[in-house]
Amino acid sequence: MKYSLNRHTAPVLSCCFSSDGRILVSGSVDKSIIIWDSISGVPLHTLTQHKRYVTACAFARDLPLIATGSMDKTVNIWRFGVKSTSDDHLATKLRHSVQHWSEDEVCSWLSAGDLQELVVIFKSNNIDGQELLNLTEKNLMSDLKIESLGLRNKTMRKIEELKSKIESTCVGIPDEFLCPIARDIMTDPVIASGT
């Protein structure tokens, strides 16, 4: 198992990957949709527009769109942003997300990064997301008592990779809510034709 993604507060009913595999979208009984970076396991954005369970999620094949379906009898369609000046905002959101990782989420990240031997040390020192982003090589050596130079260097490389990912994130969050498709529209559609 690469990651255990556990931000939903109720069972997950649906999930799907983007065509390039970089993004995962999950829908839950908690009425939310979480958009994840599937490479790092970091939640990028949470959508909370549905009023009932989210039962379906799907990416458009060749367009930057996501559809989410719910027991509230709606399908919501979202357009993803493209790389632009709003990427600074996304990087800020990603940094904010990592800063709020729990100790368990940090330990999951360590395990996924092939640093399982540090899980006990980080857990016993209460290293959460905020602490993780502020760690230095000096902290690893003097505070956490990690003697191995190789292990300290590997840990710092992984932390720098995470920080780099935060700074270079290029996947836009759903920045435009296009439309809700309600049950009324689906049962009594309007047919339009162009002349």
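Reference entry: report on the structure contained in this document.

About the thresholds
Residues numbered from 1 in each chain as written. Predicted model: local features only at pLDDT ≥ 70, side-chain atom pairs only at ≥ 80, totals over all residues. Heavy atoms only, no water. Helix = DSSP H or I, 4+ residues; strand = E, 2+ residues; numbered from the N terminus. Contact = heavy atoms within 4.5 Å. Salt bridge = Lys/Arg side-chain N within 4 Å of Asp/Glu carboxyl O. Disulfide = S-S within 2.5 Å. Buried < 20%, exposed > 50% of the residue type's maximum accessible area, 1.4 Å probe, protein only. Core = buried A, V, L, I, M, F, W, Y, C linked by side-chain atoms within 4.5 Å.

Below, the discussion takes up the side chain of arginine 152. Along the chain, arginine 152 falls in helix α6 (residues 149-168). Discounting residues that sit within four places of it in the chain, arginine 152 has contacts with Glu137, Leu140, Met141, Ile146 and Glu147.

With that settled, the discussion passes to the environment of glutamate 117. Relative to the elements of secondary structure, glutamate 117 occurs in the loop between α2 (103-112) and α3 (119-124). Separated by 34 residues in the primary sequence, glutamate 117 and leucine 151 have C-alpha atoms spaced 9.3 Å apart.

What the rule picks out here adds up to four salt bridges. Put simply, aspartate 114 and lysine 154 hold a salt bridge, and the shortest N to O gap is 3.4 Å. With aspartate 114 in the loop between α2 and α3 and lysine 154 in helix α6, this residue pair connects regions lying 40 residues apart in the sequence. As a salt-bridge pair, glutamate 137 and arginine 152 come within 3.8 Å of each other at their nearest N and O atoms. Separated by 15 residues along the polypeptide, glutamate 137 in helix α5 (residues 137-143) and arginine 152 in helix α6 bring together distant segments of the chain.

Before going further, it helps to examine the state of the cysteines. According to the stated counting rule, one finds zero disulfides in the structure shown. Cysteine 15 carries a free sulfur, and the closest cysteine sulfur to it, the one in cysteine 16, is 7.3 Å from it. There is no disulfide at cysteine 57, and the cysteine sulfur nearest it, in cysteine 16, is 5.4 Å away.

One non-glycine residue, asparagine 126, lies in positive phi territory at about 55°. In this structure, asparagine 126 sits in the loop between α3 and α4 (129-134). The class of asparagine 126 is partly exposed, set by a relative accessible area of 43%. Look at lysine 145: it is not a glycine, yet its phi comes out positive at around 60°. By relative accessible area, which is 55% here, lysine 145 ends up exposed.

This brings us to α2. Residues of α2 that are buried: Glu105, Val106, Cys107, Trp109 and Leu110. Just downstream of α2 lies aspartate 114, where phi reads positive at about 65°.

Here we come to the nonpolar core. Of all hydrophobic cores here, the largest spans 22 residues; its most connected members are Trp101, Leu110, Phe122, Leu132, Leu135 and Leu162. Counting residues per element, the ones that place at least two in this core are α2, α3, α4 and α6. Setting aside chain neighbours within four positions, we find leucine 162 in contact with Val42, Val98, Trp101, Trp109, Leu132 and Leu133. Judged by nonpolar contacts, the second largest core, of twelve residues, contains Cys16, Ile23, Ile33 and Val54.

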